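Results of the structural survey
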Amino acid sequence: MEKWSEQFNIPLPDCAQCGTCCLLATPSVSYKKLLEKAAAGDQFARDFFSIFIPYKNHEQAEKICESLVKRTIKSCIDGINKIPVEDLVFYRCRHYHYKKQCLIYETRPQLCRDFPGSPFVLLHENCAFYQWAKDCKKAYNKLKEDIQSLKKQKKELEDMKEQKRFEDLLHRLKNLKDNDSRFMLILPSLSVISPCSSWLK
Ligand code: SF4
Ligand code: SF4
């Protein structure tokens, strides 16, 4: 997150400790894939299963934040989130206490410390990082547009240079067309094509 803030000069807010992300989590891979990753030793997947337990269905998750669940489902339908809707699972942390909040705060895993990690994570509207993520995405998209525009300008410049180079070459060839011997000296390879006389005549 720090690198996004530094890159776009957008201050990183402090977590408001509202607990929503503890009660409504969705990783970017399906439950099955995450299990496979955990079995293969992936630290994030292992940490995730060490604290999160799945909701039985989407309706249970909607009780925490209906709009976030609906936005997440929509992102799957739109193909932004690669998880098929039928494989989408929401989770809650087993260590969250409604009054005391995080019961293992001092030893919470790295994934909690890093959250949200990127501005492209879907967030609850009241999350302290919601506006930060919006601002970062806006700055990122602007940067992408600027890069595209620069690439286009570079291509146009290259085309202009190429055209100028071609015109210069034509001009030089015109000056040479009455003098085959000089022409052969400057462009000897063309003498293979037309060894006896200039093809410009
Ligand atoms: S370990 Fe603590 S900070 Fe992490 S999700 Fe659970 S309650 Fe939230
Ligand atoms: S939802 Fe946002 S503000 Fe709330 S605890 Fe999580 S990171 Fe902090």
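Everything numeric in this text was worked out from a predicted model, so none of it was measured.

1. Section: the overall build of the protein
Scanning the protein from N- to C-terminus turns up 10 helices and 4 strands. Each helix and strand of the protein, ordered N terminal to C terminal, gives the series α-α-α-α-β-α-α-β-β-β-α-α-α-α. Looking at the protein as a whole, 28% of its 201 residues qualify as buried. Look at the contacts in the protein between residues 6 or more apart in sequence, and 62% of them connect residues 24 or more apart. Only carbon and sulfur atoms are counted for the fraction: they give 55% of the accessible area of the protein, which is about 14300 Å².

2. Some words on the pattern of salt bridges
Counted under the stated rule, the structure contains 10 salt bridges. Glutamate 36 is paired through a salt bridge with lysine 32; the nearest N and O atoms lie 3.6 Å apart. Taken together, the residues span about one helical turn, with glutamate 36 and lysine 32 both in helix H3 (residues 31-39) at a distance of 4 residues. Owing to a relative accessible area of 41%, glutamate 36 belongs among the partly exposed residues under this scheme. Relative accessible area serves as the criterion here: at 59%, lysine 32 is assigned to the exposed category. Shared partners join several salt bridges into a network, and the residues in it are Glu62, Glu66 and Lys70.

3. Re the packing of aromatic side chains
Within this structure, the stated rule accounts for 12 aromatic pairs. Ring plane angle 35° and centroid distance 6.1 Å describe the contact between tryptophan 4 and phenylalanine 8, whose orientation is recorded as tilted. Of this pair, tryptophan 4 and phenylalanine 8 both sit in helix H1 (residues 2-8), 4 residues apart, which is roughly one turn of the helix. Summarising the burial analysis for this pair, tryptophan 4 and phenylalanine 8 share the class buried. Each ring, one from phenylalanine 48 and one from phenylalanine 49, has its centre 6.1 Å from the other, and the planes form 90°; the classification is edge-to-face.

4. Re the site of ligand 1
Around ligand 1, a shell composed of Cys22, Ile51, Phe52, Cys93, Tyr96, Cys102, Ile104, Arg108 and Cys112 is seen. A per-class count over the shell around ligand 1 returns 8 nonpolar, no polar and 1 charged.

5. Details of helix H4 (residues 43-51)
Those residues of H4 lying buried are Ala45, Asp47, Phe48, Phe49 and Ile51. The N-cap of H4, judged by a side-chain oxygen 3.2 Å from the amide nitrogen of phenylalanine 44 a few residues on, is aspartate 42.

6. As for the environment of phenylalanine 115
Mapped onto the elements of the fold, phenylalanine 115 is located in the loop between helix H7 (110-114) and helix H8 (130-176). Owing to a relative accessible area of 29%, phenylalanine 115 belongs among the partly exposed residues under this scheme. Apart from the residues within four sequence positions on either side, phenylalanine 115 is in contact with Met1, Cys21, Val121, Leu123 and Phe129.

7. Brief notes about the side chain of arginine 108
With respect to the element layout, arginine 108 can be found in the loop between strand E4 (101-102) and H7. Nearest to the buried, unbridged arginine 108 among oppositely charged side chains is glutamate 106, at 5.7 Å. Here tyrosine 105 takes part through its backbone oxygen, which lies 2.8 Å from a polar atom of the side chain of arginine 108.

Conventions we followed
Residues numbered from 1 in each chain as written. Chains lettered and ligands numbered in written order. Predicted model: local features only at pLDDT ≥ 70, side-chain atom pairs only at ≥ 80, totals over all residues. Heavy atoms only, no water. Helix = DSSP H or I, 4+ residues; strand = E, 2+ residues; numbered from the N terminus. Buried < 20%, exposed > 50% of the residue type's maximum accessible area, 1.4 Å probe, protein only. Contact = heavy atoms within 4.5 Å. Areas by Shrake-Rupley, 256 points an atom, 1.4 Å probe, with all protein chains shown as cover. Salt bridge = Lys/Arg side-chain N within 4 Å of Asp/Glu carboxyl O. Phe/Tyr/Trp six-rings, centres within 6.5 Å; stacked < 30°, edge-to-face > 60°. Near = heavy atom within 4 Å. Nonpolar A, V, L, I, M, F, W, Y, C, P; charged D, E, K, R; others polar. Polar contact = N/O pair within 3.5 Å; in protein donor to acceptor, adjacent residues only side chain to side chain. Lys, Arg positive; Asp, Glu negative; His and termini not counted.

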